[in-house]
Amino acid sequence: MPPRKRARPNANAMRMVGEQVAVGRVAKGLTQRQLGKEVGLQEDSIASIEQGRRPLMPDVAEVMDRVLGLPGLLTVAAHKMPQMDVIPPWAEPLMKLEKKAQALSSYENQVIPGLLQTEAYAEAVFRSRIPIYTEGEIADQLAARIERQAVLRRENPMLASFVIWEPVLRCPLGGPEVLREQLRHLLACSKLPGVMIQVLPASDVTHPALDGPFVLLETPSHEHIAYLETQRGSLVVSDLDEVSILYMKYAMLRTQALNPDDTRDLLTRLLGDT
């Protein structure tokens with residue numbers, strides 16, 4: 001039996017704010033498309049907000065208040081709204097850990113790590129999902145993923161190391177042009193302060209992480225935590241013995257991977273081949 005969907009912590013509040021937006025819009029005689037044009041959002045995004053599936057962000061709420069002639073009601077609601085993630089519930093622990101981590105090490109052998117994905121590549125990932133996302137859900141997921149990437153560009157950047165298995169860079173998810181844009185984006189990300197990207201060659205005859213992808217994080221209090229995802233769930237590991245094993249795996253991955261300069265050379269060659 002598939003797991004039951006977990007209720008979001010502030011689902012009722014989100015629906016209430018969404019209904020307020022809908023009532024204000026209808027009272028003003030606007031369609032969802034017209035309101036979206038006024039506040040800089042797509043029609044699907046307005047629908048997601050009104051249905052309680054997407055949080056109303058404070059900056060959007062301020063514009064809506066002006067457009068709908070409301071005395072700051074939506075702005076207050078947006079500022080008071082409990083924090084809400086539109087990511088799958090099993091990924092929430094990783095998002096929370098990323099925001100405060102001072103160091104991150106990520107190994108990926110299926111897709112480009114989420115923190116390094118372009119919007120087009122991320123959309124291709126979400127469109128591959130089973131069960132299929134609706135258009136509104138895809139828009140919500142994209143917005144959350146792009147917002148999440150801000151951790152790599154914060155004022156005090158964390159140290160972020162990524163090891164990516166080479167076949168991931170050759171999989172044309174989304175099509176050849178999406179892949180080319182993604183490879184160019186990886187080159188750009190490799191030059192960000194604190195970011196190190198390495199490719200594990202497919203030609204290696206040994207592989208220290210055949211069990212799958214994982215993420216290692218160090219908190220500001222120097223606690224070491226591991227995060228692993230499965231098809232339908234996730235696992236946050238804090239047991240020192242288990243985390244130590246994953247750190248040993250990551251050390252071997254980095255040893256076998258191309259160094260950052262050689263990785264950039266490979267990305268450049270792949271761009272010439274695609």
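Anything mentioned here points back to the structure above.
In this text the structure is predicted, and so the values were computed from the model without any measurement. (Residues numbered from 1 in each chain as written. Predicted model: local features only at pLDDT ≥ 70, side-chain atom pairs only at ≥ 80, totals over all residues. Heavy atoms only, no water.)

Enquirer: Any chance you could explain helix H2 (residues 32-39) here in plain terms?
Expert: Residues separated by three or four positions in an α-helix point in the same direction, a consequence of the helix having 3.6 residues per turn. Buried within H2 we find Leu35, Gly36 and Val39. Projected down its long axis, H2 carries its buried residues within an arc of 105 degrees, all on one side. Exposed side of H2, more than 90 degrees from the buried face: Arg33, Lys37 and Glu38 are the residues found there. Glycine 40 sits one or two positions beyond H2 and adopts a positive phi of about 80 degrees. (Buried < 20%, exposed > 50% of the residue type's maximum accessible area, 1.4 Å probe, protein only. Helix = DSSP H or I, 4+ residues; strand = E, 2+ residues; numbered from the N terminus. Arc of directions from axis to C-beta.)

Enquirer: Explanation requested: unusual backbone geometry in the structure shown.
Expert: It is generally the case that most residues other than glycine have a negative phi and that most peptide bonds are trans. With an omega of 0 degrees, the peptide bond running from isoleucine 130 to proline 131 counts as cis. Within the secondary structure layout, proline 131 lies in the loop between helix H7 (119-127) and helix H8 (135-148). You will see that histidine 222, though not glycine, has its phi angle at about 65 degrees, which is positive. Within the secondary structure, histidine 222 is located in the loop between strand S4 (214-218) and strand S5 (224-229). Given a relative accessible area of 52%, histidine 222 falls into the exposed group.

Everything listed here is a matter of geometry and, on its own, says nothing about what the molecule does.
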